[in-house]
Every structure is written in C-alpha cells, then in structure tokens.
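Structural characterization, general
Residue strings, one per chain:
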Amino acid sequence: MGFFNKLFGRKKENKVEEEKEKLEKEIIEEEIDRVETLKEEKKDEEIQIDEAVEKALEDEEIQEEDIEKEPVKEEVVYAEKPKVEKRSFFTSLKEKLFKSREGLFGTLKNIFTGKSIVDGEMYEELEDTLVQSDIGIEMTLKIVKDLKAEVKARGVKKPEDVYPVLKDVLEGYLITENTNLDIQPGRMNVILIVGVNGVGKTTTIGKIAAKLVKDGKKVVIGAADTFRAAAVDQLEEWTKRAGADLIKHSDGADPGAVVFDTLKAGEDKNADVVIIDTAGRLHNKNNLMKELEKINNIIKKKIGDQPYESILVLDGTTGQNGLIQARVFNEVTSLTGFIVTKLDGTAKGGILFSISEELKKPIKYIGVGEGIEDLREFNSKEYIQAIFD
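Here the structure is a predicted model, which is why all the values come from computation and not from measurement. (Residues numbered from 1 in each chain as written. Predicted model: local features only at pLDDT ≥ 70, side-chain atom pairs only at ≥ 80, totals over all residues. Heavy atoms only, no water.)

1. What about the overall build of the protein?
The helix and strand tally for the protein stands at 15 helices and eight strands. Taking all 389 residues of the protein together, 51% fall into the buried category. Restricting the contact set of the protein to residue pairs at least 6 apart, pairs at least 24 apart contribute 77%. Summed over its atoms, the accessible surface of the protein is roughly 19300 Å², and 48% of this surface lies on carbon and sulfur atoms. (Helix = DSSP H or I, 4+ residues; strand = E, 2+ residues; numbered from the N terminus. Buried < 20%, exposed > 50% of the residue type's maximum accessible area, 1.4 Å probe, protein only. Contact = heavy atoms within 4.5 Å. Areas by Shrake-Rupley, 256 points an atom, 1.4 Å probe, with all protein chains shown as cover.)

2. Side note on the pairing of strand β4 (residues 273–277)
Where burial is concerned, most of β4 is hidden: five out of the five residues are buried. Burial along β4 is two-sided: V273, I275 and D277 and V274 and I276, pointing in opposite directions, are all buried. Relative to β4, strand β2 (residues 219–223) runs parallel, the two being bridged by five bridges. Across the sheet, A223 pairs through a bridge with D277, a residue of β4. (Pairing = 2+ DSSP bridges.)

3. Some points on the pattern of salt bridges
This model, assessed by the stated rule, comprises 20 salt bridges. When salt bridges that share partners are traced, they join K96, D374 and R376 into one network. (Salt bridge = Lys/Arg side-chain N within 4 Å of Asp/Glu carboxyl O.)

4. Description of the nonpolar core
I275, I299, L352 and F353 are the most contacted members of the largest nonpolar core, which totals 98 residues. When sequence neighbours within four positions are dropped, the list of residues in contact with I299 reads V190, L192, V259, L263, I276, G304 and Y308. (Core = buried A, V, L, I, M, F, W, Y, C linked by side-chain atoms within 4.5 Å.)

5. A word on the environment of V165
Along the chain, V165 falls in helix α8 (residues 162–172). For V165, a relative accessible area of 2% corresponds to the buried category. C-alpha separation for the pair V165 and E150, spaced 15 residues apart in sequence, amounts to 7.2 Å. When residues no more than four places from it in sequence are discounted, the contact partners of V165 are L147, E150, V151, R154 and V156.

6. Focus: the UniProt feature "domain: SRP54-type proteins GTP-binding" (unreviewed entry) in the protein
Per the UniProt annotation, the sites labelled "domain: SRP54-type proteins GTP-binding" (unreviewed entry) are residues 362–375. Structurally, residues 362–375 comprises 0% helix and 43% strand, and the distance from its first C-alpha atom to its last is 16 Å. (UniProt positions renumbered as here; feature names shortened; annotations may be inferred.)

7. Comments concerning the sheet that holds β2
Taking strand neighbours across the sheet as the criterion, the eight strands line up as β3-β2-β4-β1-β5-β6-β7-β8 in an open arrangement whose pairing is mixed. Each end of this open sheet is capped by a strand with a single partner; those strands are β3 (245–247) and β8 (375–377). Strand after strand, the sheet turns through a mean of 25° between neighbouring axes, direction not considered. As defined by bridge partners, strand β1 (residues 189–194) adjoins strand β5 (residues 309–315) across four bridges and the pair is classed as parallel. The residue bridging L192 from the neighbouring strand is S310, located in β5. Packing of helix α9 (residues 201–214) onto the sheet brings it into contact with β1, β2, β4, β5, β6 (337–341), β7 (363–367) and β8, and relative to β4 it is tilted by some 170°. Relative to the sheet, helix α13 (residues 320–332) contacts β1, β5 and β6, its axis offset from that of β5 by approximately 160°. (Axes fitted to C-alpha atoms, helices over the stretch in contact; angles between N-to-C directions.)

Below is the structure:
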C-alpha cells in the first residue's frame, strides 16, 4: 500500500488535514532551531565563503589579464567560443546537479523500470518517493493526479513510457515567464533581496553585483542588514571586488535609514541598479513584517509607481522549510521571484517545483557552487534536461 493508504487512509480527509497542520507546525519549530544554530556557526562559514569569493574573483582577474597579454590568440579562441561555451555550460550544469539527478530523479526513473503494467501500485510507489523528496504532500497529490490524467490522455500503456510523461508534467509546474531580472535602461532599477540568515543571501548579492558590473551597469548596494556586522563586512568585500558602491551605516542602525540613503546615492550617482540587502529574522515575524513594510514604503516613495524586484533567497537543501519561508516572506512583502542556492548539495531538489507551483512566482537564479559562474540564470528546460537525462 502507498504512503497515503498506510498513513492516513484515502477516505479520512479530516485526519489528513490534522497531520498536515501538525507537520507544518513541526517544520516551523525546526526552522527556528536551525536559524539559532546557524547564528553560532556563521562565523566559520563566512570565513570559508570569503575565501571562496576571493578565489573566484581572483581567477576571473587572472583570466582577464591573460586575455590582455595575448590579444592575437584571443581572437582565434573567440571565434570558436559560442559553441564550446554552450556545450561546457550544459555539461557543467549536469555535473553540478549530480546529487539531485542520481538521488531523487534517479529513484523516480527506477520506479517505472521492471514493471509490466501501469497500475495503482506503481502510482503509490511514486507517491512514497515524492513525499520523501521535498515535494510535499499537497504537491505530491497534484503531481500524481495530473500524471494519471496525462498518461490516460496520451494512451500510455507501458510503465517505462510513463517517465517521460512525468518529466513533462514536472516541467509544466515551473514558471517560465519573467525569469530574468527586470532591468530597464534609462532608469534606476531597484532589487530588494530578502531571506533568512544562512541561505547565502549576502554572497548571492555579491555575485549578482559582479555580473551586472561586468555587463557595464553602474551598481550601488545598500547594507540594510545592520544587525550582523559580519554581513556588512562580507558585503563590503564583494562590493569592492565587483566594482560597485556600498552604502552602510554603523552596526545596529535603522535599516530604513540605510535604504533611504542608498536610494539617494543611487540617484546622485546615476546608478543603473540599486541592490538592497535586508535582515531576515523569521523567528520574529511581527518585527520582520514591520521592518520590510517600512523598507517597501521608503522604496515606493522614492521611485513612485515604478515596479521593482523583491526576491527571496532560499537554501535548496532545507526542503519543506524553504517552502514555509517562502509563504511567510510572500505575506510580508510582494515577492517577484526566487533565488534557490546550494542545489549542488542536495539529493532531493523537489523544492523548486513546490515553490514555483504554489506561489506562482518565477525562479530567477539557481546556485550550484561557490564561484560567480555558479549563480546561473534559471532556464526550466535546461534544468529539467540536466536532472532527468
């Protein structure tokens, strides 16, 4: 019998709801404990990240110096670059997502091999696997329901032919519109970055800034996470190396004041992009809501009705905890998208489908390593191909 028959029983709807509420409550409690633990471990982690940041940026500087020294050779290499880079990028993405491809998605593939018929037992085994792989209960029910309908519509009879149908069904849950950052020429574009401590938020801001500066954009960064001195120091190091400008205040300063000064500096410097870092104290939702509401009001007063990005950074290894975070932050600020980090470190990866389908917001970037190049613009087709093939 499948997961739901064994645990809940198909007809006991009230019991399912009670168990779901209990599960979500436990997940929130676990997240609070995890955030507190991360505070203690953060110092060592930030040192490691700083070293990785320095190495990644130094490698890029070395490559640029080599190009300047050998201009003739670069012309020859450049002629062949488009084909080679595209191939190596895809190969690299497959390698970076090895754990997910061999873990969750490798297990899914095995469900459909060695069976002679498409039956209830196969779907129940699929349910078991999805529930245990960060997909979540509600999302699992939706996937299996949609898969059954699609299998029937296509007239699929062999179990091995169900796997490519599942691939198409899962891809359909990923939002494909507005996956790129909304950067418009001729104006100051604002990107508000939110997320709890420990998800790689500060590092992600640094990588985005480095990419934008490399594309010729003038970038100003606001260090509005004033409650962690280490976060400001780390952001300052990234800002210097990326060639951006940083606006910061003293430790413990009012985040709203930092945001105001950052936007003013962006105007004065004719910045193309202003990126604002924020604190994310999920364990105190009321304070978080008030702080983000204040920040959003300051932004709106400065730029009027102009749209701006409000992006949540999530740790891809946290599973359903990430979904809980997404729900909370979507309540307190109008999110325009997500960045999911550390996907190279998880054998599950189902959280991408859950947050995309439930919140109907696009994934802007995925993080698959420590280097600048490992913050990848999200492309649903490339992602699906990398984890399924």
